[in-house]
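The chain contents come next:
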Amino acid sequence: MTTKVLLVDDERLIRAGLAAIINAEPDLTVVGEAADGADVPAEVRRLDPDVILMDVRMPRLDGIQATRNIMESSPEPPRVIVVTTFENDEYVYDALKAGASGFLLKRTRPEEILQAIRMVAHGDTLLFPAAIRSLAAAHATGPAGGRGGEAKGARWHARLTEREADVLRLMAKGHSNAEIAGELFVSPQTVKTHVGNVLAKLQARDRTQAVILAYETGFITVAS
């Protein structure tokens, strides 16, 4: 099955370079391009992409609001990978909160870009623990770590079992299901079940959203 990709960037040269890399792969294809976030919802409806490579900074509508619009307007929104120049870009954290599954730097090697597209297309996420921790620290407003803080988190903290809490902490470290299984001495299938339970209880779309929420509510602190 071919994964359909939509490219969103205001620089034509970047779109052309990404398209050349992606279209050279038998299982990936670029179905469309957009030069601004304002054009994305219409292109999503028209092209039904599986993955969007979304620039953060664009002239009319930035990638954050464009991502938010997609998540709010599409019953089954595509996965979004934010593409940025700097990993500590102040907009990246907000883009992840808006629903992006992860981010890539514009200097990322072509093979890593292709791997990232395949990962998110299959339901995985691009979680960079050090970068997420750094971004969370920059956006923390108190000991609870974020807007809404402790009160927001109390609704779901108590619903997590001890093992689910352990799984969430290991997710925040960027561990895969197999790595979590090895750490907790359980089977990968058991971990998959726990991850599903965590996402359901947090009402998170994927692992990235779960980890962001864990930081936002103080369940995981930057110092932990």
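Not measured: the values here are computed from a predicted model.

Reading the values: rules and limits
Residues numbered from 1 in each chain as written. Predicted model: local features only at pLDDT ≥ 70, side-chain atom pairs only at ≥ 80, totals over all residues. Heavy atoms only, no water. Core = buried A, V, L, I, M, F, W, Y, C linked by side-chain atoms within 4.5 Å. Buried < 20%, exposed > 50% of the residue type's maximum accessible area, 1.4 Å probe, protein only. Contact = heavy atoms within 4.5 Å. Salt bridge = Lys/Arg side-chain N within 4 Å of Asp/Glu carboxyl O. Helix = DSSP H or I, 4+ residues; strand = E, 2+ residues; numbered from the N terminus. Polar contact = N/O pair within 3.5 Å; in protein donor to acceptor, adjacent residues only side chain to side chain. Axes fitted to C-alpha atoms, helices over the stretch in contact; angles between N-to-C directions. Parallel < 35°, antiparallel > 145°, perpendicular 65-115°, else oblique. Left-handed = near helix turned anticlockwise from the far one by under 90°. Nonpolar A, V, L, I, M, F, W, Y, C, P; charged D, E, K, R; others polar.

### Let's talk about the nonpolar core
Argument step 1. Membership of the largest hydrophobic core comes to 52 residues, with the highest contact counts inside it found for Ile52, Met54, Leu168 and Met171.
Argument step 2. Contact partners of Met54, with chain neighbours within four places excluded, come to Val8, Val40, Gly63, Ala66, Thr67, Ile70, Val80, Ile81, Val82 and Val83.
Argument step 3. Counting residues in hydrophobic clusters, the runner-up holds 17 residues, among them Ala19, Leu28, Val51 and Ile117.

### So, the pattern of salt bridges
Argument step 1. For the structure on display, the rule yields 15 salt bridges.
Argument step 2. The salt bridge partner of Asp9 is Lys106, with a shortest N-O separation of 3.5 Å. Of the two residues, Asp9 sits in the loop between strand 1 (3-8) and helix 1 (12-23) while Lys106 sits in the loop between strand 5 (102-105) and helix 5 (110-121), which places them 97 residues apart along the sequence.
Argument step 3. Among the salt bridges present, the one from Asp36 reaches Arg60, with a minimum N-O distance of 3.8 Å. Remark: Arg60 occurs in the loop between strand 3 (51-55) and helix 3 (63-73) and Asp36 occurs in the loop between strand 2 (28-34) and helix 2 (40-47); sequence separation between them is 24 residues.
Argument step 4. Its relative accessible area of 59% is what places Arg60 among the exposed residues.
Argument step 5. Each of Asp9, Asp55 and Lys106 takes part in a single network of salt bridges with overlapping partners.

### What about helix 11 (residues 207-216)?
Argument step 1. The buried count for helix 11 comes to 10 of 10 residues, which makes it a mostly enclosed element.
Argument step 2. Where helix 11 begins, the side chain of Asp206 points an oxygen toward the backbone nitrogen of Thr208, at a separation of 3.2 Å.

### Quick look at the side chain of Asp36
Argument step 1. Here Asp36 falls in the buried class, since its relative accessible area comes to 3%.
Argument step 2. Polar side-chain contacts of Asp36 include one of 2.9 Å to the backbone nitrogen of Ala38.
Argument step 3. In this structure the side chain of Asp36 is engaged in a polar contact, spanning 2.8 Å, whose partner is the backbone nitrogen of Arg60.
Argument step 4. Each residue touching Asp36, except ones within four places of it in the same chain, is listed here: Val8, Met58, Pro59, Arg60 and Leu61.

### Quick notes on unusual backbone geometry
Argument step 1. One non-glycine residue with positive phi stands out, namely Asp48, at about 50°.
Argument step 2. By the element assignment, Asp48 lies in the loop between helix 2 and strand 3.

### Some words on the environment of Glu112
Argument step 1. As for its placement among the helices and strands, Glu112 is situated in helix 5.
Argument step 2. On the basis of relative accessible area, Glu112 is assigned to the partly exposed category, the value being 31%.

### Re the packing of helix 10 (residues 188-202) against helix 11
Argument step 1. Closest axis-to-axis distance for the helix 10/helix 11 pair is 10 Å, and the angle between their directions is 60°. Compared by their axis directions, helix 10 and helix 11 come out oblique. Considering only the axes of helix 10 and helix 11, their crossing is left-handed. Taken together, the residues of helix 11 that come into contact with helix 10 (itself represented by Val195, Leu199 and Leu202) are Arg207, Ala210 and Leu213.
Argument step 2. Taken together, the residues of the contact of helix 10 with helix 11 break down into five nonpolar, no polar and one charged.

The analysis is restricted to geometry; functional conclusions fall outside its scope.
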